[in-house]
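# Inside the fold
Each chain is listed here by its residues.
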Amino acid sequence: MTIEVSSLKELVEQASGDDRSPDTQEYFVNMGPQHPSTHGVLRLVLKLDGERVLRCIPVLGYIHRSIEKISEHMNYMNCVHLTDRMDYLSSIMNNWAVSKAVEEAAGIEVNSRIQYIRTIFAELERIQSHQLWWGVLGMDLGAFTPFLYGIRDREVLNDVMEETVGARLTMNYVLPGGLMADIHPNFVHRVKEFIKYFRPKLDEYDDLLTNNVIIQERLRNVGVLSAQTAVQYGATGPVLRGSGVAFDLRKDHPYGVYDQADFEVPVGTVGDSWDRYWVRVEEMRQSLNIVEQLLDNIPPGDFLVKKLNSKIKIPEGRYYSQLETARGILGVFIASDKKDEPYRMHYRSPNFNNLWCLEPMIKGDYIASLIGAMSSLDLVIPDIDR
Amino acid sequence: MEREALQAAVCELDSAVRPLDENADRAAVIVEASALPAIIRRLRDEPEFAFAQLLDHVAVDWIDRGQFELIYQLYSFKHKHFLSVSVLVPREDPRVPTLCRVHPVAEWQEREVYDLFGVLYEDHPDLRRLFLEDDWIGFPLRKDYQDDFMLDRPR
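An unreviewed UniProt entry lists chain B under the name NADH-quinone oxidoreductase chain 5, with Stieleria neptunia given as the organism. What UniProt states about chain B under its Sequence similarities (unreviewed entry) heading is, verbatim, "Belongs to the complex I 30 kDa subunit family."

The name given to chain A in an unreviewed UniProt entry is NADH-quinone oxidoreductase subunit D, with the source organism recorded as Stieleria neptunia. Looking at the Sequence similarities (unreviewed entry) heading of the UniProt record, one finds this comment for chain A: "Belongs to the complex I 49 kDa subunit family." Annotation of chain A in UniProt includes, under Catalytic activity (unreviewed entry), the sentence "a quinone + NADH + 5 H(+)(in) = a quinol + NAD(+) + 4 H(+)(out)".

## Some points on the sheet that holds strand β1 (residues 17-19) of chain B
Residues and elements named next belong to chain B. Across the sheet, five strands lie side by side as β1-β2-β5-β4-β3; this open sheet has mixed pairing. Because the sheet does not close on itself, it has two edges, and the strands there are β1 and β3 (53-62). Taken pair by pair, the neighbouring strands of this sheet meet at an average axis angle of 25°, ignoring direction. With 10 bridges connecting them, strand β4 (residues 67-76) and strand β5 (residues 81-90) associate as antiparallel partners. Bridge pairing links glutamine 67 to proline 90 in β5. Seen against the sheet, helix α2 (residues 36-45) touches β1, β2 (27-31), β4 and β5 and runs at an angle of roughly 175° to β5.

## Some points on the interface of chain B and chain A
On the side of chain A, 52 residues touch chain B, which itself brings 52 residues to the contact. At the boundary of chain B with chain A, total buried surface from both sides reaches about 4700 Å², with 56% on carbon and sulfur atoms. Inspection of the region where chain B meets chain A yields four salt bridges. Its salt-bridge partner being lysine 80 of chain B, residue aspartate 252 of chain A comes within 2.9 Å of it at the nearest N-O pair. For the pair chain B and chain A, the interface holds 21 residue pairs in polar contact (both at pLDDT 80 or more). Ranked by residues supplied to the side of chain B that touches chain A, first place goes to β3 of chain B with nine residues. Classifying every residue of the side of chain B that touches chain A gives 27 nonpolar, six polar and 19 charged.

## Digging into the domain arrangement of chain A
Residue and element names in this part refer to chain A. Domain annotation of chain A identifies domain 1 (8-59) and domain 2 (67-384). On the side of domain 2, 17 residues touch domain 1, which itself brings 19 residues to the contact. Buried surface at the junction of domain 1 and domain 2, both sides included, amounts to about 1600 Å², of which 66% is carbon and sulfur. Area buried by domain 1 at its contact with domain 2 is led by His39, Arg52 and Val53, which between them contribute 34% of it. At the junction of domain 1 with domain 2, the criterion picks out one salt bridge. Across the pair glutamate 359 and arginine 55 runs a salt bridge, and its minimum N-O distance is 3.1 Å. Applying the counting rule to domain 1 against domain 2 returns six residue pairs in polar contact (both at pLDDT 80 or more). Looking at the side of domain 1 that touches domain 2, the elements that each hand over two or more residues are β3 (40-41), β4 (43-49) and β5 (52-59). A per-element tally of the side of domain 1 that touches domain 2 places β5 first, with six residues. Among the residues making up the side of domain 1 that touches domain 2, the classes are represented as 11 nonpolar, five polar and three charged.

Reading guide: rules and limits
Residues numbered from 1 in each chain as written. Chains lettered and ligands numbered in written order. Predicted model: local features only at pLDDT ≥ 70, side-chain atom pairs only at ≥ 80, totals over all residues. Heavy atoms only, no water. UniProt positions renumbered as here; feature names shortened; annotations may be inferred. Pairing = 2+ DSSP bridges. Helix = DSSP H or I, 4+ residues; strand = E, 2+ residues; numbered from the N terminus. Axes fitted to C-alpha atoms, helices over the stretch in contact; angles between N-to-C directions. Contact = heavy atoms within 4.5 Å. Buried area = accessible area lost by both parts, 1.4 Å probe. Salt bridge = Lys/Arg side-chain N within 4 Å of Asp/Glu carboxyl O. Polar contact = N/O pair within 3.5 Å; in protein donor to acceptor, adjacent residues only side chain to side chain. Nonpolar A, V, L, I, M, F, W, Y, C, P; charged D, E, K, R; others polar. Domains from an automatic or database assignment.

As C-alpha cells, this is what we get:
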C-alpha cells in the first residue's frame, strides 16, 4: 500500500476546487500567526464563503522548542523546569504532573504536608489562570474593562504566591520528592485575606460580563460541541465538562488531597461557548472552596522528603501519569532504561487536543463567532507546540 | 474492574492481543498491527469495556531492538478505567493502520508521531507534518537523528 504524504499547499489547492457554487466564490484567509485573539503564535488557514467558515486548518509549530527531545538529555530534576514553560498559566500544576510521574515510577512517598501545599497551590493557580482567561475573553469580544478587572485581581493573588514561590508567571515550586521551599509564614493569613477579597469580586464579574446581553449573544449557541464529538475529538478539562461530560480527575481519580475536600464539578448542558464560560467561572468558586477547606489543616512536617540534586533513577519500564490542569489533562509518559535520564519523555498537553475541536465547533458559522469560540477554548499556544 | 481482570478480559477478545508487563497501575496489552483498528473499535463499542476516548498516542524509538513502539492510551468514562495498548513496528518500514475512523482525534495525534518519528499511517486522510515545515528532512525524535544545529554536548 502506498501512503501519500501531502503538504499544506497541496491541501489548500485541493480544497480550492471542491463544493464551489456558481454564485459565490470561496477564498482562503490566513488568521495569525500573530493575531491578537490567538494569544500567541497560532496560524489558522480559513476557507471562507463570504463570512461563513467552511474549513479551519490549524498550522502549528511556530514556537516549537522540542522540549521532549531536550528532556532526553537531562535528569528528572531538570526536566521539571522545562514544563512550566509549556502551559505557563498552569506552571505549578505542570511541575506537579512530572513530579507525580517520577515519584510514582521511582516509588517515592511524600508526606501529607507536601500533598496539602501542592493541592492548595494548584487550586490557587487554577484561579489565577481562569482570572486571566476571563479578562482576555472580554477583550477578545471587544470589551476592555474585564481585562483590567481580571488582571487587577490576578495581581493580588500573584503577590500572595510570589512571597512563597518567588516568581509571578513561570513558577517553579514543585519538584520530585517535595517542594522548592516551605510556605512563607504569612501565606495562610494572606490567602484567607484573598478569599475574603475575591468572593465579592466574583459577583462583580457576573454583573460585568456574565449577565451582559452582548456577551450572552456572542457566546450562546456559538461553537456548539456535542458531548459525543467532545469525547471523540479528545477534549478534556472545562471544554469536555462544558459539553456535559462530568469527568474531572480530581473527583474520579483523586490525587494530592482532593479526596479530603468537598467540592462540586460544574457541568454544562448545551456545549456552546457559553457553557464553557460558565464552567470556568464556577470552577473559580469551587477552587476557593477547596483552598478554604484545606488551608487550616496543613499538617506539620518537612517540605522535602528526598535530598535535592540527588539523581533519581527509575526502574526500567514505561510509566504514565496524568493530572488535571486548568485546561484539562496533562499526561506524562516516561520510558526509562534505568539511567537517571529519561529514554523518552512525552507530554500529552490538554490544549493540543482541545484545539482539534475547533473545526467541528465552528464549521458553517460566521468568522466573527470563531473569535468567541476560540476564546472559550482558553488556548495557550506554547503548550500545543511544546 | 481490577487491573488484572481487565487485562485478562481484553486479552480474551482476540488471539492478536497479549498481556504486557508495565510498571504502572494500569492494564496494558500488546496488539498485532494488522488487528489494531478492529480491536480498538471493539474496545470502544462493547459495553463491557466502553473505552470512549483516545487520550494519548505516544511513540518510543527502541533503537537497539530495531523497533518503534506505538502506545495508545484509552479511557472509559463509564467504568473509569485506563488501558494502554501497544503495537510494535519495525524501524526500517514503520507502518500501522490509522485509527481515524474509530477515534477522530487520532488524525491529529498520528500526524504528530509521523512528524517526529516518521511512522506511516495507512489510510490516513491527511498525513502531513504537524510542527515542522513540509520540506523538513528527517524525523527529529528518532534516536539516530542528526542535525547541523544540534548541540554536541560533552556527556
